[in-house]
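What follows is the residue order along each chain.
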Amino acid sequence: MSAAEHEVFLRRALGLARGVWGTTHPNPMVGALIVEDGHVVAEGATAPDGGPHAERLALLARGKPPRPGATLYVTMEPCSTHGRTGACTDAIIASGIKRVVVGATDPNPAHAGKGFAVMRAAGIEVIEGVLGQECTDLNLIFNHWITTGGPLLAAKAASTLDGKIACRTGESRWISNEASRADVHRWRRLFPAIAVGAMTVLKDNPRLTARQAGVPEWCPWRFVFDGLLRTVVDKSLPAVFTDEFRERTIVVTTPHGGLGYVRKLRDLGIQVWLLESPTQRVSFADFRKKCTEERIAGVYFEGGSQLVSELVRAKQLDYLFNYRAPVLFADDKAKSVFSGLRPERVDQGVRLADVRHETFGEDALLRGRVVYPEKMPIDETFFGVR
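Below you will find a few notes about this structure. (Residues numbered from 1 in each chain as written. Predicted model: local features only at pLDDT ≥ 70, side-chain atom pairs only at ≥ 80, totals over all residues. Heavy atoms only, no water.)

1. Remarks on the overall build of the chain
Going by this rule: Comment: elements are numbered from the N terminus, with helices defined as DSSP H or I runs of at least four residues and strands as E runs of at least two. The quantity called the radius of gyration is restricted to C-alpha atoms. Its globule counterpart is 2.2 Å times the number of residues to the power 0.38. With a 1.4 Å probe rolled over the protein chains alone, any residue whose accessible area is under 20% of its type maximum counts as buried; one over 50% counts as exposed, and the rest are partly exposed. Any two residues having at least one pair of non-hydrogen atoms within 4.5 Å are treated as being in contact. Note on areas: Shrake-Rupley, 1.4 Å probe, and residue coverage restricted to the protein chains presented here. Charged-residue counts in this description rest on Lys and Arg as positive and Asp and Glu as negative, His and the chain ends being excluded. In this description, the location of a charge corresponds to atom NZ of lysine, CZ of arginine, CG of aspartate or CD of glutamate.
The helix and strand tally for the chain stands at twelve helices and 16 strands. For 386 residues, the compact-globule estimate of 2.2 N^0.38 gives 21 Å, and the chain sits close to it at 23 Å. In terms of overall dimensions, the chain has C-alpha extents of about 70 × 45 × 40 Å along its principal axes. When burial is assessed residue by residue, the chain has 52% of its 386 residues classed as buried. Looking at the chain alone, contacts between residues at least 24 apart form 72% of all its contacts between residues at least 6 apart. Element-wise, carbon and sulfur atoms account for 52% of the exposed surface of the chain, whose accessible area totals about 17,700 Å². The distance from the centre of the 49 positive side-chain charges to the centre of the 44 negative ones in the chain is 3 Å.

Shown next, in the form of structure tokens:
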């Protein structure tokens, strides 16, 4: 079978993996299919955490041993260790399949490359790296979680060509177009949690759910960073504290907010993460540690600009999604996406790596992994309000 034909079937497997978008945390999304005589005869995609892996589901869907010459296509290297579901390599070997075509290598140090070796030792032809970049990119959150042991902290910004997110008046709706905003909801559905600052909640009263056409509204964990608990002061409480998803809201705060307000939130059914801090600022390192303890593998920060700027200043932002609209403000007093640094040379700037580009109508999305310079000059006068 030609390389082009392998890509056709791997793309179909990628489609299966995307079909379980955001439902498998902290496990990766994987798609698998069995091809016999050029035809797909069985398919599978990763079940929710604790359930069968894609390869096992594809083999189960076949219902009988694959024919001689059958090929298994899978978007990620089959696991070779015995966890809750057993090693997928064992199931593949037992099935009698003699060719496996794989997209990405499993980044898990316990598995990486070992699954390939196990299958080859059993006489299986293994073709690896087909659409490898696309298959790897599919599991941004898992890849970070399994290699670092902690959550992927990502931020989203929708800006003008000159990096502004609002006019000097504060007007910001809408800089990005409808297609870009729909894509944001797609990423909201992927991440197990969304985070915003207190000022964003007070100003915009966001719902912080994933709303996609033809799909029921879905609510991730909703983090509100509020070191002084300003969001609880007024009698009129924001939607995230009162709606039908309020048990999915977690307020991240410090002892400076007042225990009375903490009790008020908990009486409403809102979770509170009270993190020690000498100031009203929550430590992002402590937040990351708490997410790890709670097995929250990824957090999608949507603002405000001060909150994500502080993430950068603390070198705690791992990934950035930047939607750019073909609009120019050219106004120094318009609100910028980021602030708080003082680079004096180009090499002191924060960069993105493993960059991906997508377009949504006239808007462009640039996303990538955040890479910090060895020496990153900080503006010591910076003090934003979340």
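From this point, the discussion proceeds with the structure in view.
2. Considering the sheet that holds strand E9 (residues 221–225)
The strands making up a sheet associate through hydrogen bonds between their backbones, and the pairing can be parallel or antiparallel. Convention followed: Two strands pair under a simple rule: DSSP has to find at least two bridges between them. The axes are straight lines fitted to the C-alpha atoms, using for helices just the contacting stretch, and the angles between their N-to-C directions are given from 0 to 180°.
One open sheet holds the nine strands; their spatial order is E11-E10-E9-E8-E12-E6-E13-E16-E15, and the pairing between them is mixed. Whereas interior strands pair on both sides, the edge strands pair on one side only; in this sheet they are strand E11 (271–274) and strand E15 (351–360). With direction set aside, neighbouring strand axes in the sheet form an average angle of 20°. One ladder, built from five bridges, connects strand E8 (residues 193–197) with E9; its direction is parallel. Within E9, the position partnered with Gly 197 by the bridge is Phe 225. Set on the sheet, helix H7 (residues 178–190) makes contact with strand E6 (152–159), E8, strand E12 (298–301), strand E13 (319–324), E15 and strand E16 (363–371); between it and E13 the angle comes to about 160°. Across the face of the sheet, helix H12 (residues 305–313) comes into contact with E6, E8, E9 and E12 while running at roughly 130° to E12.

3. Details of the sheet that holds strand E4 (residues 99–104)
Spatially, E2-E1-E3-E4-E5 is the arrangement adopted by the five strands of the open sheet, whose pairing is mixed. The sheet terminates laterally at strand E2 (39–45) and strand E5 (125–127), the two strands that pair on one side only. Mean inter-strand twist for the sheet, computed between neighbouring axes without regard to direction, equals 20°. Sheet analysis places strand E1 (residues 31–36) next to strand E3 (residues 71–76), joined by four bridges and oriented antiparallel. Residue pairing across strands places Ala 32 opposite Val 74, the latter belonging to E3.

4. Some words on H12
Most of H12 sits inside the fold, with eight of its nine residues counted as buried. Within two residues after H12, Lys 315 carries a phi angle of roughly 55°, on the positive side.

5. Observations concerning the pattern of salt bridges
Using the following cut-off: Should a side-chain nitrogen of Lys or Arg be within 4 Å of a carboxyl oxygen of Asp or Glu, the pair is scored as a salt bridge.
All chains considered together, the criterion is met by 26 salt bridges. Across the pair Glu 128 and Arg 120 runs a salt bridge, and its minimum N-O distance is 3.0 Å. Judged by its relative accessible area of 38%, Glu 128 falls in the partly exposed class. Where Glu 302 meets Lys 156, a salt bridge forms, and the shortest distance between an N and an O atom there is 3.6 Å. In this pair, Glu 302 sits in the loop between E12 and H12 while Lys 156 sits in strand E6, placing the two residues 146 residues apart along the sequence. Neither Glu 302 nor Lys 156 differs from the other in exposure class; each is buried. What emerges from the salt-bridge pattern is a single network uniting Arg 207, Glu 217, Arg 222, Asp 243 and Glu 244.

6. Quick look at the pairing of E16
Bridge count for E13 against E16 is six bridges, and the pairing is antiparallel. Its bridge partner being in E16, Tyr 323 is matched across the sheet by Leu 365. Summarising the sheet, E15 and E16 pair through eight bridges and their orientation is antiparallel. Within E16, the residue paired with Arg 356 across the bridge is Arg 367. Linking E15 to E16, which pair antiparallel, is a turn of two residues; within it Gly 361 sits at a positive phi near 65°.

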